[in-house]
Amino acid sequence: MSASKYTDNSVVKRFKAAPARPPLKQNRGVFQVLRQRCFNNVGNSVLTLLILLGGFYLIKGMLDWAVINAVFVADSRRQCMEISPDGACWAGIISWFNGLIYGRYPLEEQWRVNAGFMIGVAWLLPLLSKGLPLRNFVLLSWIGLFPFLGGYLFLGGQFGQELGLFHGLMTSLALAYFVLNYLNWGLHKLGKKGLHEVFVPVLSQWIQRRVHLTSLLLVWGALAIAIAFGLTQVSLPSVAIERWGGLFLTFIIAGFAITMAIPVGVVLALGRRSKLPVIHWLCLVTIELVRSVPLITVLFMAVTLLPIFLPADVEFNKLAQVLVAVCIFAGAYMAENIRGGLQAIPAGQYEAAKTLGFGYWHTMLLVILPQALRMMIPNIMTSFISLLKDTTLVSIIGLFDIMLMARNIANDKDWIGLHTEPLVMISILFFVICYGMSQYSLNLEKRLKVDR
């Protein structure tokens, strides 16, 4: 076949561009979208109208009961029924509002509960400042030190008497760190060095290594000594744990369990993956045993069986037993979430850490666990939300959390039979809290770019 055949212009096909098509018109208006998605055919139109009609009657009924026909001012449920028999009796909720929040905590001492929660929130505010010195230790200090400060405010007592020496020492260290952290934050905002950094030039004349850490410890210790001396002069009235209750107690149980869930879960997850048979089987049995029974069974076992295994002279109050049970329960479930994240880490990450000369603990703490926890943020937050809702089960064993306080409203002689309104109020409250936690989880995923 000759080459002229392929060079002949009459044989070679020439490319001819197609005419340009007009751009696709997108109807972004509300009516156009509704018409395309809800009224595009007869079936969808009928279904949309039925849903709108049902939603209208549902919302109208709820508004009539909860707002329009509701009673907000009354002295008893009978009076509510006389004013509006078809509406909600929110007057009972308003009358019991203090008990729902604080339980049976003394009215004149409730400022301590408010102060404790305000300090707990204020403790974490410096995390918003990225350039703050020792910023990474703020969360660790909140986990390790704030419970002692909160326990002192909630329990009360005097240093050396009701307040034990160790508890008083840790409370002084907590207050000192809180003050030092805010002083450093304020100085940082003013563009100056932290308080402990002022003494670094002086200490550097005698100390050659870890001067900043030494300066921090000295300043922190001096503030703690001054605060400890002040605590010896202050005496807060003691409030027994049996008088704690309401939303205050629910937050304590849920906060303690959520805080301890990740450390306990990490220990159990690493122990289950351990090559040492004793540690492996101990963690495996703990995880499977706890996950195979419901939380209420774990609570009953903690309240009834835990004292049997303790010495005769050791007594735990019911709240301490519940906290131990809930922490183990939360840690067992968290361990499986963390183990899933550990299995998702590529083997190359372990090899890269070995290449850098990292040992086991450095590899886990600096390379593997941060990536595993980052990938498991949705599962971890789901466990936290479930744990918050599960804390209402403590009402079955006699702790006066918000659920038990709400049930007690119906037993009050003035509000006998008031069951629906407290449950609706608790449902709305838990929805707001859980929705806020889920939105924070989504925001955290975006900031850490979990999907990449």
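Look up a bit, the structure's there.
Below: a short report on this structure.

Reading the values: the criteria
Residues numbered from 1 in each chain as written. Predicted model: local features only at pLDDT ≥ 70, side-chain atom pairs only at ≥ 80, totals over all residues. Heavy atoms only, no water. Helix = DSSP H or I, 4+ residues; strand = E, 2+ residues; numbered from the N terminus. Contact = heavy atoms within 4.5 Å. Salt bridge = Lys/Arg side-chain N within 4 Å of Asp/Glu carboxyl O. Axes fitted to C-alpha atoms, helices over the stretch in contact; angles between N-to-C directions. Parallel < 35°, antiparallel > 145°, perpendicular 65-115°, else oblique. Nonpolar A, V, L, I, M, F, W, Y, C, P; charged D, E, K, R; others polar. Patch = residues over 30% accessible without salt bridge, like charges linked within 9 Å, V, L, I, M, F, W, Y side chains within 5 Å. Areas by Shrake-Rupley, 256 points an atom, 1.4 Å probe, with all protein chains shown as cover. Buried < 20%, exposed > 50% of the residue type's maximum accessible area, 1.4 Å probe, protein only. Left-handed = near helix turned anticlockwise from the far one by under 90°. Phe/Tyr/Trp six-rings, centres within 6.5 Å; stacked < 30°, edge-to-face > 60°. Lys NZ or Arg CZ within 6 Å of the ring centre and 35° of its normal. Polar contact = N/O pair within 3.5 Å; in protein donor to acceptor, adjacent residues only side chain to side chain. Arc of directions from axis to C-beta. Disulfide = S-S within 2.5 Å.

### Digging into the side chain of Thr391
Along the chain, Thr391 falls in the loop between α19 (377-390) and α20 (402-409). Apart from residues no more than four positions distant in its own chain, Thr391 is found in contact with Thr250, Ile253, Ala254 and Asp401.

### Examining the pattern of salt bridges
In this structure the tally under the stated criterion is 6 salt bridges. For Glu336, the salt bridge is made with Arg272, and the minimal N-O distance between the two is 2.8 Å. Taken together, the residues Glu336 in helix α16 (residues 318-343) and Arg272 in helix α13 (residues 246-272) connect sequence positions 64 residues apart. Put simply, Glu336 and Arg339 hold a salt bridge, and the shortest N to O gap is 2.9 Å. In this pair, Glu336 and Arg339 are both assigned in helix α16, 3 residues apart and thus about one turn of the helix distant. Members of the salt-bridge network, linked through shared partners, are Arg272, Glu288, Glu336 and Arg339.

### Description of the packing of helix α8 (residues 137-144) against helix α9 (residues 146-155)
Their axes nearest at 4 Å, the elements α8 and α9 cross at an angle of 40°. One finds that α8 runs oblique with respect to α9. Between α8 and α9, the residues in contact are Ser141, Trp142, Ile143 and Gly144 and Phe146, Pro147 and Phe148, respectively. For the contact of α8 with α9, the per-class residue count stands at 5 nonpolar, 2 polar and no charged.

### A few points about a nonpolar patch on the surface
Judged by side-chain polarity, Val30, Phe31, Leu34, Phe39, Leu49 and Leu52 come together as a nonpolar surface patch covering roughly 640 Å² of accessible area. Within the residue set of the nonpolar patch, elements represented by two or more residues are α2 (30-37) and α3 (42-68). Looking at which element gives the most residues to the nonpolar patch, the answer is α2, with 3 residues. Note on placement: Leu49 falls in helix α3.

### Points about the environment of Thr420
As for its placement among the helices and strands, Thr420 is situated in helix α21 (residues 420-448). Overall, the relative accessible area of 46% leaves Thr420 in the partly exposed class.

### Thoughts on the packing of α16 against α19
Following both chains from N to C, one finds α16 and α19 inclined at 155°, their axes separated by 10 Å at the closest point. For the element pair α16 / α19, the angle class is roughly antiparallel. As α16 packs across α19, the resulting crossing turns out to be right-handed. Mapping the contact onto sequence places Val326, Ala330, Met334 and Asn337 in α16 and Asn379, Ile380, Ser383, Phe384 and Leu387 in α19. Residue composition of the contact of α16 with α19, by class: 6 nonpolar, 3 polar and no charged.

### Looking at the packing of aromatic side chains
One pass over the structure, following the stated rule, counts 19 aromatic pairs. Consider the rings of Phe117 and Phe248, whose centres lie 6.1 Å apart with planes at 80°: the pair is edge-to-face. Of this pair, Phe117 sits in helix α7 (residues 110-124) while Phe248 sits in helix α13; the two residues are 131 residues apart in sequence, bridging distant segments of the chain. According to the relative accessible area criterion, Phe117 is partly exposed, its value standing at 33%. Residue Phe248 is classed as buried on the basis of its relative accessible area, which comes to 3%. An angle of 80° between the planes, with centres 5.1 Å apart, marks the rings of Tyr360 and Trp361 as edge-to-face. With a relative accessible area of 44%, Tyr360 lands in the partly exposed category. Members of the aromatic cluster, connected to one another through ring pairs, are Trp123, Trp142, Phe146, Tyr177, Phe178, Tyr182 and Trp220. When the ring centre of Phe400 is taken as origin, the NZ or CZ atom of Arg104, which lies over that ring, is 4.1 Å away. Lying across the ring of Tyr333, Arg291 places its NZ or CZ 5.4 Å from the centre.

### Some points on the side chain of Arg272
Accessibility expressed as a relative area gives 15% for Arg272, which makes it buried. A polar contact is formed between the side chain of Arg272 and the side chain of Glu336, at a distance of 2.8 Å. In contact with Arg272, not counting residues within four places along its chain, are His280, Cys283, Leu284, Ile287, Glu288, Glu336 and Arg339.

### Let's talk about helix α15 (residues 295-304)
Burial in α15 covers these residues: Leu295, Val298, Leu299 and Ala302. On an axial view of α15, the arc spanned by its buried residues comes to 100°, and they lie on one face. Summarising the contacts, the buried residues of α15 are in contact with α16 and α19.

### Quick look at the environment of Phe430
Residue position: Phe430 is located in helix α21. Sequence-wise, Phe430 and Leu388 are 42 residues apart; in three dimensions their C-alpha atoms are separated by 8.6 Å. Residues in contact with Phe430, not counting those within four places in the same chain, are Thr250, Leu388, Lys389, Thr392 and Ile402.

### Section: the state of the cysteines
Inspection of every chain in the model, using the stated rule, returns 1 disulfide. Each disulfide pairs two cysteine sulfurs, and for Cys80 the partner residue is Cys89, the sulfurs being separated by 2.2 Å. Taking the sign of the S-S torsion, about 55° here, the bridge from Cys80 to Cys89 comes out right-handed. Across the pair, exposure class does not vary: Cys80 and Cys89 are buried alike. Cys283 supplies the cysteine sulfur nearest to Cys327, a cysteine that is in no disulfide, at a spacing of 16 Å. There is no disulfide at Cys434, and the cysteine sulfur nearest it, in Cys327, is 18 Å away. Judged by relative accessible area, Cys434 falls into the buried class, the value being 11%.

Keep in mind that these numbers describe shape and distance, not what the molecule does.
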